[in-house]
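Remarks on the overall topology
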Amino acid sequence: MALTLNEMAESETNFLRLGVTRAFVENSTVLEDLPFVQLQEGSARFFQEETRMVTFGGVVDVSMTKNTLQFFEDTRAMQTRLKVKKLATGFTKEFFEGDSELGCNSFDGLRKRLTGEQVITASSGTNNGDILELEYIDRLIDSVWGGPDVIYMNRANRRALVALAQKTGLLYNKMDFTGKVHTYYDEIPIKVLDRDDDGKTLLGFNEKVGFSDNCSSIYAVRYGEEFVCGITKGLVVEDLGLLENPKVYRTLIEWYAGITINNPKSAARLQGIKFEEV
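The paragraphs below set out a description of the structure included in this document. Being a predicted model, the structure only gives us computed values, none of them experimental.

The next subject is the overall build of the protein chain. The number of helices and strands found in the protein chain is seven helices and 14 strands. Relative to its length of 278 residues, the protein chain is compact, with a C-alpha radius of gyration of 20 Å against a globular reference of 19 Å. Along the longest, intermediate and shortest principal axes, the C-alpha atoms of the protein chain span 65 × 45 × 40 Å. Out of the 278 residues belonging to the protein chain, those deemed buried represent 47%. Intrachain contacts of the protein chain at a sequence separation of at least 6 include 73% that bridge at least 24 residues. Of the roughly 14700 Å² of accessible surface on the protein chain, 48% is carried by carbon and sulfur atoms. A gap of 4 Å separates the mean positions of the 32 positive and 41 negative side-chain charges of the protein chain.

A word on the packing of helix α2 (residues 15-26) against helix α4 (residues 72-97). Running from N to C, α2 and α4 point in directions that differ by 45 degrees, and their axes come no closer than 8 Å. Between α2 and α4, the interaxial angle falls into the category oblique. The crossing of α2 and α4 is right-handed. Across the interface between the two elements, Val20, Ala23 and Phe24 of α2 pack against Thr80, Val84, Leu87 and Ala88 of α4. The residue inventory of the contact of α2 with α4, partitioned by class, reads six nonpolar, one polar and no charged.

Moving on, we come to the pairing of strand β2 (residues 35-38). Here strand β1 (residues 3-4) runs beside β2; their pairing, made up of two bridges, is antiparallel. By the bridge assignment, leucine 3 is partnered in β2 with phenylalanine 36. Looking at chain direction, β2 and strand β12 (residues 228-242) are connected through three bridges and run parallel. Bridging from a neighbouring strand, glutamine 38 pairs with threonine 232 of β12.

The strand order across the open sheet built from five strands is β1-β2-β12-β13-β3, with neighbouring strands paired in mixed fashion. Bordering the open sheet on either side are β1 and β3 (54-62), each of which pairs with just one other strand. On the sheet, α2 packs against β12 and β13 (249-261) and is oriented at approximately 135 degrees with respect to β12.

Turning our attention to the pairing of strand β6 (residues 150-153). Burial along β6 is two-sided: the residues Val150 and Tyr152 and Ile151 and Met153 are all buried. Where β6 meets strand β11 (residues 212-221), three bridges bridge the pair, whose relative direction is antiparallel. Across the sheet, the residue bridging to valine 150 is valine 221, located in β11.

Right, let's get into a negative patch on the surface. A surface patch of like charges, here negative, comprises Glu133, Glu135, Asp138, Asp142, Asp186, Glu187, Glu276 and Glu277. Turning to its location among the elements, glutamate 277 is positioned in the segment after β14 (267-274). The class of glutamate 277 is exposed, set by a relative accessible area of 61%.

Here the focus is the side chain of asparagine 157. With respect to the helices and strands, asparagine 157 occurs in helix α7 (residues 155-165). For asparagine 157, the residues in contact, after removing those within four places along its chain, are Leu132, Phe205, Ser216, Ile218 and Ile273.

Enumeration according to the criterion identifies 15 aromatic pairs in this entry. Considering the side-chain rings of phenylalanine 36 and phenylalanine 91, the 6.1 Å spacing of their centres and the 50 degrees angle between planes classify their relative orientation as tilted. Residue phenylalanine 36 is found in strand β2, and its partner phenylalanine 91 is found in helix α4; the two are separated by 55 residues along the sequence. In terms of burial, phenylalanine 36 and phenylalanine 91 fall into one category: buried. In this structure an aromatic cluster arises from ring pairing among Phe24, Phe36, Phe56, Phe91, Phe107 and Trp255. Over the aromatic face of phenylalanine 227 sits the side chain of arginine 222, whose NZ or CZ is 3.9 Å from the ring centroid.

Conventions adopted
- Residues numbered from 1 in each chain as written.
- Predicted model: local features only at pLDDT ≥ 70, side-chain atom pairs only at ≥ 80, totals over all residues.
- Heavy atoms only, no water.
- Helix = DSSP H or I, 4+ residues; strand = E, 2+ residues; numbered from the N terminus.
- Rg over C-alpha atoms; globule rule 2.2 N^0.38 Å.
- Buried < 20%, exposed > 50% of the residue type's maximum accessible area, 1.4 Å probe, protein only.
- Contact = heavy atoms within 4.5 Å.
- Areas by Shrake-Rupley, 256 points an atom, 1.4 Å probe, with all protein chains shown as cover.
- Lys, Arg positive; Asp, Glu negative; His and termini not counted.
- Charge placed at Lys NZ, Arg CZ, Asp CG, Glu CD.
- Axes fitted to C-alpha atoms, helices over the stretch in contact; angles between N-to-C directions.
- Parallel < 35°, antiparallel > 145°, perpendicular 65-115°, else oblique.
- Left-handed = near helix turned anticlockwise from the far one by under 90°.
- Nonpolar A, V, L, I, M, F, W, Y, C, P; charged D, E, K, R; others polar.
- Pairing = 2+ DSSP bridges.
- Patch = residues over 30% accessible without salt bridge, like charges linked within 9 Å, V, L, I, M, F, W, Y side chains within 5 Å.
- Salt bridge = Lys/Arg side-chain N within 4 Å of Asp/Glu carboxyl O.
- Phe/Tyr/Trp six-rings, centres within 6.5 Å; stacked < 30°, edge-to-face > 60°.
- Lys NZ or Arg CZ within 6 Å of the ring centre and 35° of its normal.

Written out as structure tokens, the structure reads:
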């Protein structure tokens, strides 16, 4: 059974692993919704495509100094959250832009996996991209089997979509129980991806289509065990305690994970969207 990280957290009894799991979700728009199948050793599960799992992990070292002594546990928790934020951002980047040919610790993301009819190119007739139009969004939605669960785009493209759709009755905002406002188009959540922790743009206007090198992409995804699904061998979080050399308190984090697309029409990409000031 495929479960999201939030659903896994509901039955988690290890307090340290629970905090790390929740931190992954808090720092990745994708991990809010992506369900995972947990693979066991020797598992013979069948997937529609060969896929790769990679390790998102590392260690968090905190020394007991005069500066950290009074608030040591708080400092350790903060450093752990910062580490998980970086790992979650790395997973999100791999989900869209990963390329296994570029390194052994990378899996193929949607940009590489989606081909043929699942890639729509915005074009005004020159094959050099185009500004966003509702027709492109509707074609993107129609390309996903049964309709997508979510649409991902950058902030500028969301502003353009809001300007185009606000008079159609298809777009509305809704506030969740935390007070966060979410945008929906045709009942589909619109989620924004902006920047990773290095200040580099995710889904930015840095893609080349035809002779234009200032284009971006928008993705529509349907999640589920039969559609786009994560695979993992579990999250390891261990407090290794005080080490002698170096003399630090160490926390180990290792998450072995990847994604699989079990229906070729589970996701679609709209490429060639140019920036339009709104």
